[in-house]
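Analysis of the macromolecular model
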Amino acid sequence: MQFVDLIQAKPLLRAIQDLGWTTPTPIQIKAIPLATAGKDVVGIAQTGTGKTAAFLLPALMKQLGREGLHTLVLCPTRELAQQVAADARELCRHAELFASEVVGGESMRRQIRDLRAGLDVLVATPGRLIDHIERGNVDLSAVETLVLDEADRMLDMGFRPQIETILRQLPKQRQTLLFSATMPNGVHALALRIMNEPDWVEATPPATIADRVEQTLYSVRAEMKPALLIHLLNEAADWDQVLVFTGRKSGADALVSRLQAAGINATVMHGDRDQKERRQALDAFTDGRARVLVATDVAQRGLDIEGISHVVNYDVPRNPDDYVHRIGRTARAGASGTAVTFMSATELAAVKDIERLLGEPLPRVSLEAYDYAGGALASQSAPVARVNRAGGRFGVRSADDLSPEELQELLKVG
């Protein structure tokens, strides 16, 4: 199937050709015909599967040749909203349609100017949109298509009250498109309540990991995590563009300081940084001035950066779904990538949760100088195990994974 089989509007087809898109993705093939027919659609799809075009193209087809704010897209984060708005502008380049975003941390004056000039497509974060509604800067009474992008993330971030407020400003007769990487009970209930007999489509199972992502797990003493990361960055020639996730903002700042002290070009991005600082960090990482971007989960979704060679879970995410979203930042646009996870002794339970979600163990690798199990085994003059008999494809088992009988057998080897 080609895009011409899904899209009949010549201005949009020209934009698609300019972008170099050739074959629609699975979520586009499933969602676009339903949305074009006016159906409400629930789409389960990860970032990077083409979901943005899956909801923008049908909305834009409906708006061609008409003026007015008829499409509203809600996103959980500034970065995602800015990316969606940029995609919308690219698709509108040959159509007389205007798209922009209103997000926190950006100039209200510029946003007011755009809103008063007249928009056809508005992409917004809920909080800033409500600011404009309360100030009388925007009228949503003509919206025909509402999109909730990454609905699961919006509910996780506590946006449900804001979503309810915005819904009261919209016409009851409208088309609603809801996209979510996962379908927890809260999102399912929201979809049933605000949508009209929606069709449900799914591009990939929620826990699917791209086949091109090689996953590796290092067991490491917590205090040795910075040293292990520096070692891998210095020793591995193919660690070109590395996105590192930490669990805390203070931890991100501390890690960047350690990396910079070791002579590694690194920058940081988290919620305590203002929008200008976050944009500067992202630009430095994207254009290669910074080899490493250390981030909290603010960067987990919505960042579509080609060329990320490695994603490092410096801290194991507590929510297994977040593991899937994090490592989805690599292996973009047909490339391959590597996801590396550092597991301290206190994070073993979180790793087990991830492995249950994936349905298979993560392959273990151990470097004895850093491994939290290495010290215990070394004190008994025993070598670290070199085979993961628990089912990993390669690597090393930690002492925590060994039964007492296996540990005794291992010690006899020494």
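The present account deals with the structure reproduced in this document. (Residues numbered from 1 in each chain as written. Predicted model: local features only at pLDDT ≥ 70, side-chain atom pairs only at ≥ 80, totals over all residues. Heavy atoms only, no water.)

1. A few points about the sheet that holds strand 9 (residues 242-245)
Taken in spatial order, the 7 strands line up as 10-11-9-12-13-8-14 in an open sheet, and their pairing is parallel. Each having just a single partner strand, strand 10 (266-269) and strand 14 (364-365) make up the two edges of the open sheet. The pairing of strand 8 (residues 213-219) with strand 14 spans 2 bridges and is classified as parallel. When the bridges of strand 14 are listed, Y218 appears paired with V365. (Pairing = 2+ DSSP bridges. Helix = DSSP H or I, 4+ residues; strand = E, 2+ residues; numbered from the N terminus.)

2. Things to note about helix 5 (residues 108-117)
Among the residues of helix 5, M108, R110, Q111, I112, D114 and L115 are the ones counted as buried. Capping the start of helix 5, S107 holds a side-chain oxygen 3.2 Å from the backbone nitrogen of R109, two or three residues further along. (Buried < 20%, exposed > 50% of the residue type's maximum accessible area, 1.4 Å probe, protein only. Polar contact = N/O pair within 3.5 Å; in protein donor to acceptor, adjacent residues only side chain to side chain.)

3. Some words on the pairing of strand 2 (residues 71-74)
On strand 2, burial covers both faces: T71 and V73 on one face and L72 and L74 on the other are all buried. Relative to strand 5 (residues 145-149), strand 2 is paired through 4 bridges, and the arrangement is parallel. The residue bridging L74 from the neighbouring strand is L148, located in strand 5.

4. Some thoughts on the sheet that holds strand 3 (residues 99-102)
Strand order in the open sheet formed by 7 strands is 3-4-2-5-6-1-7, and the pairing between neighbours is parallel. Of all the strands in the sheet, just strand 3 and strand 7 (199-202) have a single pairing partner and so form its edges. Pairs of neighbouring strands in the sheet enclose a mean axial angle of 15 degrees, with direction left out of account. Both strand 1 (residues 41-44) and strand 7 contribute to a ladder of 4 bridges, which runs parallel. For V41, the partnering residue across the bridge sits in strand 7 and is D199. Of the strands in this sheet, strand 3 and strand 4 (121-124) touch helix 5, which is tilted by about 140 degrees from strand 3. Of the strands in this sheet, strand 1, strand 5, strand 6 (175-180) and strand 7 touch helix 9 (residues 185-194), which is tilted by about 170 degrees from strand 6. (Axes fitted to C-alpha atoms, helices over the stretch in contact; angles between N-to-C directions. Contact = heavy atoms within 4.5 Å.)

5. What to know about the packing of helix 8 (residues 160-167) against helix 9
Where helix 8 meets helix 9, the axes come as close as 13 Å, and the angle between the chain directions of the two elements is 10 degrees. For the element pair helix 8 / helix 9, the angle class is roughly parallel. Of the residues in helix 9, those in contact with R160, E164 and L167 of helix 8 are G186, L190, R193 and I194. Residues that form the contact of helix 8 with helix 9 fall into these classes: 3 nonpolar, 1 polar and 3 charged. (Parallel < 35°, antiparallel > 145°, perpendicular 65-115°, else oblique. Nonpolar A, V, L, I, M, F, W, Y, C, P; charged D, E, K, R; others polar.)

6. Section: the packing of aromatic side chains
Tallying each qualifying case throughout the model produces 4 aromatic pairs. For the pair Y218 and F342, a centre-to-centre distance of 6.1 Å together with 80 degrees between the ring planes defines the contact as edge-to-face. Here Y218, found in strand 8, pairs with F342, found in strand 13 (residues 337-343); they are 124 residues apart in sequence, far enough to count as distant. On the basis of relative accessibility, which here comes to 11%, the residue Y218 falls in the buried class. (Phe/Tyr/Trp six-rings, centres within 6.5 Å; stacked < 30°, edge-to-face > 60°.)

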